Protein chains: 2
Amino acid sequence: MGLIIKKNVLIVGLGLLGGSYAMGLKRKGFCVNAITLDRNDIDYAIENDIIDYGTTEIDEKLIGDAELVIFAVYPNVFIKWIKENGHLFKKGTIITDVTGVKGKIVDEIQNMLPDGVEFIAAHPMAGREVGGVQNSDDSIFKGANYIVVPTEKNSQGAIEICSDLGNILGFADISVLTPQKHDEMIAFLSQLTHCIAVSLMCSNDDPDLVRYTGDSFRDLTRIAKINDEMWSELFLENRSVLLKEMETYRESFNKLYDYINNGDVDGMREMMRLSTSRRKNFDRK
Amino acid sequence: MGLIIKKNVLIVGLGLLGGSYAMGLKRKGFCVNAITLDRNDIDYAIENDIIDYGTTEIDEKLIGDAELVIFAVYPNVFIKWIKENGHLFKKGTIITDVTGVKGKIVDEIQNMLPDGVEFIAAHPMAGREVGGVQNSDDSIFKGANYIVVPTEKNSQGAIEICSDLGNILGFADISVLTPQKHDEMIAFLSQLTHCIAVSLMCSNDDPDLVRYTGDSFRDLTRIAKINDEMWSELFLENRSVLLKEMETYRESFNKLYDYINNGDVDGMREMMRLSTSRRKNFDRK
């Protein structure tokens with residue numbers, strides 16, 4: 001358990017995920033400090049025992065003392081922050097993140113950090129439809145998947161520390177993927193699904209719909225409530241992979257359209273049986 | 001409360017919905033009998049106090065005594081059953097159903113029934129991913145929507161009785177729609193969503209996906225486990241309306257695709273803000 005020697009944690013970005021990480025780690029006895037933009041978020045987090053200490057400043061001592069740093073900010077903010085302040089970390093510090101797309105970001109961050117400071121990327125597959133530290137809840141990690149996303153530059157030790165972090169936070173399954181494979185998975189499982197939900201919600205403006213809806217529609221559009229600033233950035237970071245997944249899905253949809261249009265019952269039923277058998281594997285254990 | 005005078009209920013088709021109706025009505029003191037294909041389903045339902053009596057036969061006395069009859073079978077089975085046995089109902093009997101598409105079916109049934117026997121269509125917007133009387137659960141109606149679907153031929157009394165039935169079963173919102181309007185709503189809210197879930201599930205066969213999935217994908221594909229016999233029939237019954245909804249949705253999806261492809265952040269964010277604001281109305285109260 002490599003994390004046992006990393007007790008001094010710094011969270012950068014105290015939103016829903018940053019706050020939930022802080023909550024989970026503090027509960028396990030870590031010393032958790034935070035740097036974030038809004039003083040109110042720090043006040044809230046201290047009052048509610050989510051962090052030990054926080055500041056809105058670039059506090060050189062706080063940054064230099066941190067043994068494990070977790071970035072829970074938008075990709076562009078992350079890159080800018082490291083560019084400006086990366087030199088403040090001490091040797092041996094491990095940095096990780098929660099960013100939903102890895103591609104170029106991981107290389108870019110790794111190349112900017114001083115020698116002896118290691119960035120090991122991670123993606124916690126958990127979230128809520130509401131944001132903000134006020135909605136922090138470390139129970140969202142229970143039963144969820146956690147992906148460690150190392151490059152060739154990462155040490156085995158850092159990979160282990162990052163996996164330990166997932167374990168400590170209570171994730172159910174910890175896996176390791178390359179940035180390329182991660183981004184393909186995420187394009188399909190997360191980005192495409194958000195594209196579908198948004199498109200569906202935008203395709204009908206009948207205000208009466210809500211009176212007649214069932215849970216199918218509610219479940220399908222739960223993620224249509226979306227942080228437009230963050231997701232448009234994530235979509236563009238992963239553009240080519242996402243577009244490919246959108247095309248494959250569209251072909252599948254068009255195939256079903258044609259079957260219905262042609263009254264091809266066998267074709268329809270074959271797709272339905274395939275989807276039924278595949279979906280069964282995704283039920284929570 | 002018109003239903004107070006209709007105490008003798010007959011359920012035709014003892015599956016998930018038929019069983020859940022039976023369970024809810026028996027709990028409220030109705031006498032509930034059933035006709036269904038499989039003797040095992042009847043035995044199960046009697047043992048578990050879901051019905052009072054049941055048979056696999058066309059029992060003329062049972063049918064003739066029924067005051068309220070609920071059909072919970074596929075559209076084609078419903079039509080065939082009424083064609084063969086509709087003459088057995090007594091004057092004053094009210095017939096209703098749970099069929100997910102109304103269009104031609106309502107007219108066809110109403111035209112076949114003898115004078116004095118009234119069919120008032122209804123659509124309970126509730127269900128589960130598992131079928132069969134063994135999964136009966138009248139709590140699925142709680143908080144759900146219920147739609148009464150009268151034609152010009154229906155009496156005010158029958159509409160009231162059918163609405164009462166929804167109330168007695170515990171539905172949260174009872175509304176009244178014409179068959180045409182109903183089928184448009186359902187094409188969008190229910191059929192299109194099933195098309196999307198099936199298409200998405202069929203568009204990627206990577207067996208590793210399940211290790212990396214989050215709840216977004218699980219929620220979006222919950223209904224990809226689908227009864228292929230029933231849904232292919234429902235899709236074709238409502239073909240032209242469904243195809244139109246599929247086209248409108250596809251346009252919306254293509255628009256988002258183009259925004260991403262062109263790096264049009266404003267376009268993306270505008271769609272996301274629209275979907276976010278619209279989706280908020282659909283949260284359960």
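Heads up: the structure comes first, above all this text.
Notes on the structure follow. (Residues numbered from 1 in each chain as written. Chains lettered and ligands numbered in written order. Predicted model: local features only at pLDDT ≥ 70, side-chain atom pairs only at ≥ 80, totals over all residues.)

## Side note on the overall build of chain A
Of the regular secondary structure elements, chain A holds 12 helices and 9 strands. The C-alpha atoms of chain A give a radius of gyration of 21 Å, which matches the 19 Å a tight globule of 285 residues would have. Every one of the 285 residues in chain A was classed for burial, and the buried ones make up 50%. A sequence separation of at least 24 residues applies to 72% of the contacts in chain A between residues at least 6 apart. (Helix = DSSP H or I, 4+ residues; strand = E, 2+ residues; numbered from the N terminus. Rg over C-alpha atoms; globule rule 2.2 N^0.38 Å. Buried ≥ 20, exposed ≤ 12 C-beta atoms within 10 Å, placed from the backbone. Contact = placed C-beta atoms within 7 Å.)

## Considerations on the relation of the copies chain A and chain B
Each of the two chain copies can be generated from the other by rotation about an axis followed by a shift along it. After a rotation of 180° and a shift along the axis of 0.0 Å, chain A superposes on chain B with an RMSD of 0.1 Å. A rotation of that kind, with that shift, is consistent with a two-fold axis. Scanning chain A for the C-alpha nearest the rotation axis identifies L220(A), at a separation of 2.2 Å. Of the interface residues in chain A, 100% have counterparts in chain B that sit at the interface too, so the contact is made through matching surfaces. (Least-squares fit on C-alpha atoms with pLDDT ≥ 70 in both.)

## Remarks on the interface of chain A and chain B
Often, the extent of an interface is quoted as the loss of accessible area upon association of its parts. The interface is formed by 73 residues belonging to chain A together with 73 residues belonging to chain B. Where the side of chain A that touches chain B is concerned, the elements lending two or more residues are β8 (145–149), β9 (173–176), α7 (179–202), α8 (209–212), α9 (215–221), α10 (228–237), α11 (239–261) and α12 (265–280) of chain A. With 14 residues, the top contributor of residues to the side of chain A that touches chain B is α7(A).

## Regarding the environment of M230(B)
Residues and elements named next belong to chain B. Tracing the backbone through its elements, the reader meets M230 in helix α10 (residues 228–237). Here M230 falls in the partly exposed class, since 17 other C-beta atoms lie within 10 Å of it. In this structure the C-alpha to C-alpha distance between M230 and R284, which are 54 residues apart in sequence, comes to 28 Å.

## Thoughts on the sheet that holds strand β7 (residues 121–125) of chain B
Residue and element names in this part refer to chain B. Spatially, β7-β8-β9 is the arrangement adopted by the 3 strands of the open sheet, whose pairing is mixed. What marks the edges here is a single partner per strand, and that holds for β7 and β9 (173–176). Between one strand axis and the next, the sheet turns by 20° as a mean value, whatever way the strands run. Bridge count for β7 against strand β8 (residues 145–149) is 5 bridges, and the pairing is antiparallel. Within the sheet, the bridge partner assigned to A122 lies in β8 and is V148. (Pairing = 2+ DSSP bridges. Axes fitted to C-alpha atoms, helices over the stretch in contact; angles between N-to-C directions.)

## As for the nonpolar core
Grouped together as the largest cluster of nonpolar side chains are 181 residues, with contacts concentrated most on I11(A), A22(A), V198(A), I11(B), A22(B) and V198(B). Setting aside residues up to four positions removed in sequence, V198(B) forms contacts with L256(A), M271(A), M272(A), S275(A), A224(B) and I226(B). (Core = buried A, V, L, I, M, F, W, Y, C linked by C-beta atoms within 7 Å.)

## Let's talk about unusual backbone geometry
It is generally the case that most residues other than glycine have a negative phi and that most peptide bonds are trans. All names here are of chain A. Even without glycine at this site, D49 takes up a positive phi of about 60°. Relative to the helices and strands, D49 resides in the loop between α2 (39–47) and β3 (53–55). Overall, the presence of 11 C-beta atoms within 10 Å leaves D49 in the exposed class.

## A word on the packing of α10(A) against helix α12 (residues 265–280) of chain B
Contact geometry for α10(A) and α12(B): axes closest at 9 Å, N-to-C directions at 135°. Comparing their axes, α12(B) and α10(A) come out oblique. Crossing hand, α10(A) versus α12(B): right-handed. From α10(A), D228(A), W231(A), S232(A) and F235(A) reach across to α12(B), where they touch V265(B), M268(B), R269(B), M272(B) and R273(B). Classifying every residue of the contact of α10(A) with α12(B) gives 5 nonpolar, 1 polar and 3 charged. (Parallel < 35°, antiparallel > 145°, perpendicular 65-115°, else oblique. Left-handed = near helix turned anticlockwise from the far one by under 90°. Nonpolar A, V, L, I, M, F, W, Y, C, P; charged D, E, K, R; others polar.)

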